[in-house]
Amino acid sequence: MKNNIFIEKYIYSGYGFSKYNNEIYFVENACPGDFVEIEEQYEKKNIHFSKISMIIEPSKHRRKPMCDYFTVCGGCQWLNCDYEEQLNQKTNIVQEQLKRLSSIEVEVDKTIRSNSQYDYRAKMEFAFSTNEEGEIVLGLNQRNSNNIIDIENCPISPKPFDKIKNVVRKLVKEYDVPIYDPKTKKGMLKHLVLRKSFSSNNVMAIFITHTEFFPRLKDIKAQLVKIFNGINVIHVMNSSDKVTLRGPYKSLTGEGVLKEEFDGFNFQIPPTSFFQNNYYVTGKMLKYILEYYKKEKTSNTSLLDLYCGVGLFGNYFAPLFKQVIGIDYTKLSIKAAKANSNINNIKNTTFIAADAKEKILEFAEKGKKFDYVIVDPPRAGLENKLVGILSKMVEKSIIYISCNPSTLARDLKQFQDENFKIKSVQPFDMFPNTYHVETVVILERIEI
Ligand SMILES: C[S@@+](CC[C@H](N)C(=O)[O-])C[C@H]1O[C@@H](n2cnc3c(N)ncnc32)[C@H](O)[C@@H]1O
């Protein structure tokens, strides 16, 4: 069925949205302000998922996407929309998710921009696969599919990544390395993860295999070292098909860690540990939070850094607090968080490897309190009941850093019910050209 519709806005998930004659349309590759003819692909829960069959009048925000794979690749959804409009749309999306899912009506500040819309990603996970012709491909997921498409150039990943990836593909073909097939569980090589440190300009190439056996890796490493000066080469063994970057690893060449620096603080990041994906936006986020703590006069107070990773927030803000405790369930990250305190001569931090909910429950039983808390959970947000327990433990404020406005909305509602008020909501554009948005919310305890 064909229809002419006007695209009002973007929604979280990246589609262009239109409501016409009481029908709702989600349109792929649309740009807000487009007037288009659409063709319905399928209907689900009364929503018409559609594709553009003709652009009648393009939006003034429409632009030529800087990528040959746009519309096929699952990575970016908004490459065809100008950057200012992407920022406006992200602000609206956060505002709408809070209102629609949790009836929270609050002013959302304008999304803080990324220094660069392109070349910004500190980590890219490329997958190996074999196509129908039996050729080895190395690239990203096709949109709405588990197929892997071969990618030569990716505009949001740093320039050296394209070169390394294309050399690796050539070498893997030359050496006839068996590619892992998740359906049969046979084969060896699964992923090439590339990570970059922006402050030291170092690159890490991480080869992920299903089995420990990877006979040609030494030859591949020797070639990479010749071509890419100072490259770190790592081998990770991971038998899980669910998570890409996990498991024991060996460092074949280089320092074995990535090094990042923010305002004189140095951070070492192990190959499999989480780190924020946009260096310059992370710097802006740190400054934003710093402004808040500076005004609070925190020097005699305590900070809990929950889901602390390698201790980015805990270590950076340690000089402002009397005591900092960080919790993360990844032992390797906790080891790095402690090392990061040592490197920076920080003595008032304690990092604990534990499940967030279990440790918080244990703290609650002991009657432990914190003045300030930063939480930076994974996309699923805070685990059930954690909000209630945390709320009773925090004296002054909670800074919630979220990469998912939907779970953020759910959790903020609970914090409001526990006598916290929202002081500010600030989105950051950690992931330009995609619908993803990072949001920092400051919540303060209501004095009763
Ligand atoms: C979004 S990252 C934040 C890391 C850190 N705040 C940073 O900025 O680098 C989420 C972190 O939560 C940790 N994590 C996930 N689930 C957890 C759980 N149930 N308990 C403790 N840590 C968890 C992960 O290991 C990861 O380091």
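Turning to the overall build of the chain, a few remarks are in order. Scanning the chain from terminus to terminus reveals 9 helices and 22 strands. Relative to the 2.2 N^0.38 estimate, which gives 22 Å for 448 residues, the radius of gyration of the chain is 23 Å and therefore close to what a compact globule would have. Counting over 448 residues, the chain shows a buried share of 41%. Long-range pairs, those at least 24 residues apart, make up 62% of the contacts in the chain between residues at least 6 apart in sequence.

Let us look at the packing of helix H2 (residues 159–174) against helix H3 (residues 217–227). Describing two packed helices takes the angle between their axes plus the distance from one axis to the other. At their nearest, the axes of H2 and H3 sit 11 Å apart, and the two run at 150° to each other. Between H2 and H3, the crossing angle belongs to the class labelled roughly antiparallel. As H2 packs across H3, the resulting crossing turns out to be right-handed. Facing Val167, Val168 and Leu171 of H2, the residues of H3 in contact are Ile220, Gln223, Leu224 and Ile227. When the residues that make up the contact of H2 with H3 are grouped by side-chain class, the tally is 6 nonpolar, 1 polar and no charged.

This next bit is on the environment of Ser18. By secondary structure assignment, the location of Ser18 is in strand E3 (residues 16–20). C-beta crowding within 10 Å serves as the criterion here: with 24 such atoms nearby, Ser18 is assigned to the buried category. With 14 residues separating them along the chain, Ser18 and Pro32 place their C-alpha atoms 9.4 Å apart. If we skip the residues at most four places from it in the chain, Ser18 touches Ile5, Phe6, Ile7, Glu8, Tyr25 and Val27.

A few words now on H3. Residues of H3 that are buried: Ile220, Lys221 and Leu224. Viewed along the axis of H3, the buried residues span an arc of 100°, placing them on a single side of the element. Facing away from the buried side of H3 by over 90 degrees, the exposed positions are Lys218 and Lys226. Close packing links the buried residues of H3 with H2, strand E11 (202–209), strand E12 (232–237) and strand E13 (249–253).

The next thing to look at is the environment of Leu303. With respect to the helices and strands, the residue Leu303 is situated in strand E16 (residues 302–306). On the basis of neighbour counts, which here come to 25 C-beta atoms within 10 Å, the residue Leu303 falls in the buried class. Sequence spacing of Leu303 and Lys359 is 56 residues, and the spatial spacing of their C-alpha atoms is 15 Å. Contact partners of Leu303, with chain neighbours within four places excluded, come to Phe317, Phe321, Val324, Phe370, Tyr372 and Ile374.

Around the ligand lies a shell of 18 residues, among which Tyr307, Gly309, Tyr329, Ala356 and Asp376 are the nearest. Mapped onto the shell around the ligand, the elements with two or more residues apiece are helix H5 (312–317) and strand E17 (323–328). Along the lines of polarity and charge, the residues of the shell around the ligand split into 11 nonpolar, 4 polar and 3 charged.

This part covers the pairing of strand E20 (residues 394–402). Alignment of strand E19 (residues 370–375) against E20, held across 5 bridges, turns out to be parallel. Following the sheet pairing, Tyr372 is matched in E20 by Ser397. After leaving E19, the chain enters helix H8 (residues 386–393) and then returns to the sheet as E20, a path that is right-handed. Pairing between E20 and strand E22 (residues 438–445): 6 bridges, direction antiparallel. Looking across to E22, one finds that Ser397 is bridged to Glu444.

Strand order in this open sheet of 6 strands is E1-E5-E6-E4-E3-E2, and the pairing throughout is mixed. A single partner strand is all that each edge strand has here, and the edge strands are strand E1 (2–6) and strand E2 (9–10). The sheet contact formed by strand E4 (residues 23–27) and strand E6 (residues 47–57) spans 4 bridges and is parallel. Each residue of the ladder has a partner; that of Ile24, found in E6, is Ile47.

Another point: the nonpolar core. Formed by 110 residues in total, the largest nonpolar core has its most connected members in Ala205, Val373 and Ile398. Sort the elements by how many residues they give to this core and E11 lands first, with 6 residues. Contact partners of Ile398, with chain neighbours within four places excluded, come to Val373, Val375, Phe415, Phe420 and Leu443.

Consider a sheet: its strands pair through backbone hydrogen bonds, and that pairing is either parallel or antiparallel. With respect to topology, 7 strands assemble into an open sheet ordered E18-E17-E16-E19-E20-E22-E21, the strand pairing being mixed. Each having just a single partner strand, strand E18 (349–353) and strand E21 (420–428) make up the two edges of the open sheet. Across this sheet, the average inter-strand angle for adjacent strands is 15°, counted without regard to direction. Sitting on the sheet, H8 is in contact with E19, E20 and E21, with an inclination near 140° to E20.

Glancing now at unusual backbone geometry. The phi torsion at Asn46 lies on the positive side, around 65°, for a residue other than glycine. Within the secondary structure, Asn46 sits in the loop between strand E5 (35–44) and E6. A positive phi angle, near 55°, is found at Lys297, a position not held by glycine. Mapped onto the elements of the fold, Lys297 is located in the loop between helix H4 (279–296) and E16.

Entries for the chain in the domain assignment read domain 1 (1–62), domain 2 (102–114 + 276–445) and domain 3 (123–262). Domain 1 and domain 2 are separated by 37 Å when their C-alpha centres are compared.

Attention now moves to the environment of Gln323. Looking at the secondary structure, you find Gln323 in strand E17. Note on Gln323: 15 C-beta atoms within 10 Å, which makes it partly exposed. Placed 19 residues apart in sequence, Gln323 and Leu304 show a C-alpha to C-alpha distance of 8.6 Å. Not counting chain neighbours up to four residues away, the residues in contact with Gln323 comprise Ser302 and Asn348.

What counts as what
Residues numbered from 1 in each chain as written. Predicted model: local features only at pLDDT ≥ 70, side-chain atom pairs only at ≥ 80, totals over all residues. Helix = DSSP H or I, 4+ residues; strand = E, 2+ residues; numbered from the N terminus. Rg over C-alpha atoms; globule rule 2.2 N^0.38 Å. Buried ≥ 20, exposed ≤ 12 C-beta atoms within 10 Å, placed from the backbone. Contact = placed C-beta atoms within 7 Å. Axes fitted to C-alpha atoms, helices over the stretch in contact; angles between N-to-C directions. Parallel < 35°, antiparallel > 145°, perpendicular 65-115°, else oblique. Left-handed = near helix turned anticlockwise from the far one by under 90°. Nonpolar A, V, L, I, M, F, W, Y, C, P; charged D, E, K, R; others polar. Arc of directions from axis to C-beta. Near = placed C-beta within 6 Å. Pairing = 2+ DSSP bridges. Right-handed = clockwise from strand over helix to strand, strands pointing away. Core = buried A, V, L, I, M, F, W, Y, C linked by C-beta atoms within 7 Å. Domains from an automatic or database assignment.

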